[in-house]
Number of protein chains: 2
Amino acid sequence: MSLDPTSLAAERERLAPALAYVEHHVDRFVERLQRLARMPSVSAQAQSLPETADVVEELAQAVGVETEQVPLDGGPPLVIGRVPGSGPRTLQLYNHYDVQPEDPLDLWDSDPFAAELRDGRLWGRGVSDNKGNLVARLCALEAWRQTLGELPLTVSVLFEGEEEIGSPHLHQFTSTARGRRIVTVDGCIWEAGYKDPTGRPTISLGCKGDVYVELRARSANMDLHSSWASVVPNAAWRLTWALATLKDPTTHRCLIPGFYDRVLEPNARSLELADREPLEADEYRELFGIDGFVHGWDGGEARRHLLFDPTCTISGLTSGYQGPGSKTVLPADATAKVDFRLVPDQDPAEIIRLLRRHLDEQGYADVEIVEIEGEGERAARTDPDAPIVGAVVETARAMYGKEPLLLPTMPGTGPQFVLCGQFGVPAVGTGVGNAQSNNHAPNENIIVADFVEGIKHMLWLFDRFGRSPA
Amino acid sequence: MSLDPTSLAAERERLAPALAYVEHHVDRFVERLQRLARMPSVSAQAQSLPETADVVEELAQAVGVETEQVPLDGGPPLVIGRVPGSGPRTLQLYNHYDVQPEDPLDLWDSDPFAAELRDGRLWGRGVSDNKGNLVARLCALEAWRQTLGELPLTVSVLFEGEEEIGSPHLHQFTSTARGRRIVTVDGCIWEAGYKDPTGRPTISLGCKGDVYVELRARSANMDLHSSWASVVPNAAWRLTWALATLKDPTTHRCLIPGFYDRVLEPNARSLELADREPLEADEYRELFGIDGFVHGWDGGEARRHLLFDPTCTISGLTSGYQGPGSKTVLPADATAKVDFRLVPDQDPAEIIRLLRRHLDEQGYADVEIVEIEGEGERAARTDPDAPIVGAVVETARAMYGKEPLLLPTMPGTGPQFVLCGQFGVPAVGTGVGNAQSNNHAPNENIIVADFVEGIKHMLWLFDRFGRSPA
């Protein structure tokens, strides 16, 4: 694929009716997203998931997708579908209709499920991660079909309802012959992408894996008066000591023996992509209110560590008295949520085994490991030279008028290995988020203008990937 | 004082009308306690305290105490009062009308403020610690005055409303000339006492001090997606690492340099009292559901450590996501409640300074220390040879028909230094609790029969301490 000015102008002219259609229907498209964002589809709490699948299916059918719900044993259904096109290629759109929990509620400026439009942004849980992307892609299909007719390629959609809890049932679909056939396509547009703090769109090739556990200490059959502290075991201490053996406060390395054994060092091409742009240290310092990155890393070092390091993160701590003032209690129970982000070729099940062995060896056999999300997820990578990568990068450049930032992998996690990686399907992340979208945090938001650009980018991509030689 | 069989019989005969009065009014006395126990006077949350002071004053007046409320600047009032008697001695009754927070609510079998009577017990927050004792003492005053007339000694009462948060304003009273005069008496019956698992009443001489802090780590201005974990600081890790430097998991010793410097080793008399009875290891194993005491201590070692060791206790942990399932968040905030029990002559203010210096030296200058209870409290001791000690022990022996367990100090804390210790007033703890009273925990309770015995014990004590030669 090449991008000379002549073909770019021709392309823009060919797309003009569809792009104009988008501009004329912004309000309606935003309302469509508001409808979906008002569904409180928190997968961690199995909340409103079948109802949300129904809404998604209805929205997809409304833009001409031939849809189907695929039931999963133990989880909410997939919504899959196709829009047949004229060309030989098939492009898959992967999104999820579930969202992260909305707490802590008191830090939101508006109801997380009100999808309030304010100051040019849409605010609500999931608008960035990733209902905004799901809806933008459906809106692109509508705009194309209403103005340009048949698509130049077949578009296949796969929307799931458990991405935020590690897609524990998705493998049921991809392990069937039919499922394998459906997902083995020429390229997959992954769920999300974000503008960096300088406003450039980021495009990501691959993602990390994840395994999420709860560590539980229990020291007695009930909370006791803390005057017992000198002789009765304390669950909060047991947990604190056990946690402290997991990660080095100085090097920030995980201390579980064997944790790094299977880590594939990034290849030269990945390092080259990572090194093109350091993280904007000053921007993030201000944005996140931090003194700097851990270990004093500069922006270049931080970019590499962000993309290529596996992590060991305390995501939550609970024990004893948590109210105002004091309560002199000796806690009987203490729990920590611990999130491990994995890189190729770490194996989630092996990480759990290593963690168990480590805790036992350190004297914390009493600290229980509860696996929250079944088997965990493996990391995935996409070949930077795959045609879909070039198509996404070039159309982003054309659409956004800026050189996109191509990243060799996302620091986040998704079921990319199970859906694409294991079948050799290249997956490319792009989307409508911004550097302050606050994914997984209070005041999640997207900028409406970014949503509109995301729709238009998909139109460019359908055209470019559909028409370019295979 | 001596206790020959003749005088014991004479004493019992003299007290008979009052003891019979108690038996006839058990139901009414329990209802009186229920009324007080239904006041949700949680001092940590400044809840219902003035209202509860009014109820306490009304109950005291109803049994003939000349009462007065003493306002304290920044805290709920003291209720003080006197019942003048014929003899030269003055006995002080110290109790508190505040209670610990009632959470976790879901572990209670009945509403913590319903004061439900069930299976021969009264269940509710504060019935043991220590509204049951407060009311038992008022009931003893009523029984005496209704049957025997004038008391043989003057009884002074002092009821406060902030014991459970460290009595931060009580010193306002004891630092005035009038306050000093009122509390400088011949002996003080301290708030509480409990039967041990074998059913013997315990009598305690002195108590530990306490200083309670919240440690707070803050790593960013908001919770972030945990994919940032490899480069952005995590408050939960900062707090965990900082906490782990405070206490050794193997020796269970506090690791803050200087923490033990001012500790007065217990003297021979204290050790002798402590060594009379080991802790009943098997009983506590079953009662608390523990494998054993920390460090593998046997009952004798555990008794000494329980009484004489200062402690460093995590009483609560809070950070990040604490709901069901998973949320892959990088917490911006993490807090721990940390409770230090102190022994003579540790100084609460110095402990805070040592803690601060230690955290700074360990690299945790970013971890903030918030003092929850003002200045903290110092430990206190009572001379085992003081006349009030003999009177309480001998009357307990007479009343309960068992040899009481005299302990050189309580493992718990109270304002004994500020109220008694600093004026040389001997204080003796005795009361109506049992080994499963669940103080500070769900399902707090007292056995009604113990409540009745506690009332009778006070009648014996008024008689013995009032009539014995000074």
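Definitions and cut-offs
Residues numbered from 1 in each chain as written. Chains lettered and ligands numbered in written order. Predicted model: local features only at pLDDT ≥ 70, side-chain atom pairs only at ≥ 80, totals over all residues. Domains from an automatic or database assignment. Nonpolar A, V, L, I, M, F, W, Y, C, P; charged D, E, K, R; others polar. Pairing = 2+ DSSP bridges. Helix = DSSP H or I, 4+ residues; strand = E, 2+ residues; numbered from the N terminus. Axes fitted to C-alpha atoms, helices over the stretch in contact; angles between N-to-C directions. Contact = placed C-beta atoms within 7 Å. Buried ≥ 20, exposed ≤ 12 C-beta atoms within 10 Å, placed from the backbone.

## Looking at the domain arrangement of chain A
All names here are of chain A.
- In terms of domains, chain A is made up of domain 1 (5-208 + 379-467) and domain 2 (209-263 + 310-371).
- For domain 1 and domain 2, the distance between their C-alpha centres works out to 35 Å.
- Of the residues contributing to the side of domain 1 that touches domain 2, the split by class is two nonpolar, two polar and two charged.

## A word on the sheet that holds strand E5 (residues 121-123) of chain A
Residue and element names in this part refer to chain A.
- Pairing is antiparallel across the open sheet formed by three strands, whose spatial order is E4-E5-E19. The sheet is open, and its two borders are formed by strand E4 (116-118) and strand E19 (445-447), each paired with just one other strand. Averaged over all neighbouring strand pairs, the angle between strand axes comes to 25 degrees, with direction disregarded.
- With three bridges connecting them, E4 and E5 associate as antiparallel partners. Pairing of Leu117 across the sheet is with Leu122, part of E5.

## Observations concerning the sheet that holds strand E14 (residues 333-342) of chain A
- If you trace the eight strands from one edge of the open sheet to the other, you get E15(A)-E10(A)-E14(A)-E12(A)-E12(B)-E14(B)-E10(B)-E15(B), paired in antiparallel fashion. Sheet topology places strand E15 (368-371) of chain A together with strand E15 (368-371) of chain B at the edges, where each strand pairs with a single neighbour. The average undirected angle you get between the axes of adjacent strands in this sheet is 25 degrees.
- Inspection of the sheet shows strand E12 (residues 313-320) of chain A paired to strand E12 (residues 313-320) of chain B by five bridges, in the antiparallel sense. Across the sheet, the residue bridging to Gly320(A) is Gly316(B), located in E12(B).
- Helix H11 (residues 348-361) of chain A rests against strand E10 (209-218), E14 and E15 of chain A of the sheet, and its axis sits at about 30 degrees to E10(A).
- Helix-sheet contacts for helix H11 (residues 348-361) of chain B involve strand E10 (209-218), strand E14 (333-342) and E15 of chain B, and the interaxial angle to E10(B) is about 30 degrees.

## As for the environment of Val99(A)
All names here are of chain A.
- Considering the arrangement of structural elements, one finds Val99 in the loop between strand E3 (90-96) and E4.
- We classify Val99 as buried; it has 32 C-beta atoms within 10 Å.
- As for Val99 and Asp385, which are separated by 286 residues in sequence, their C-alpha atoms are 32 Å apart.
- Residues within four places of Val99 in sequence aside, it is in contact with Ser41, Val42, Arg125, Gly126 and Glu164.

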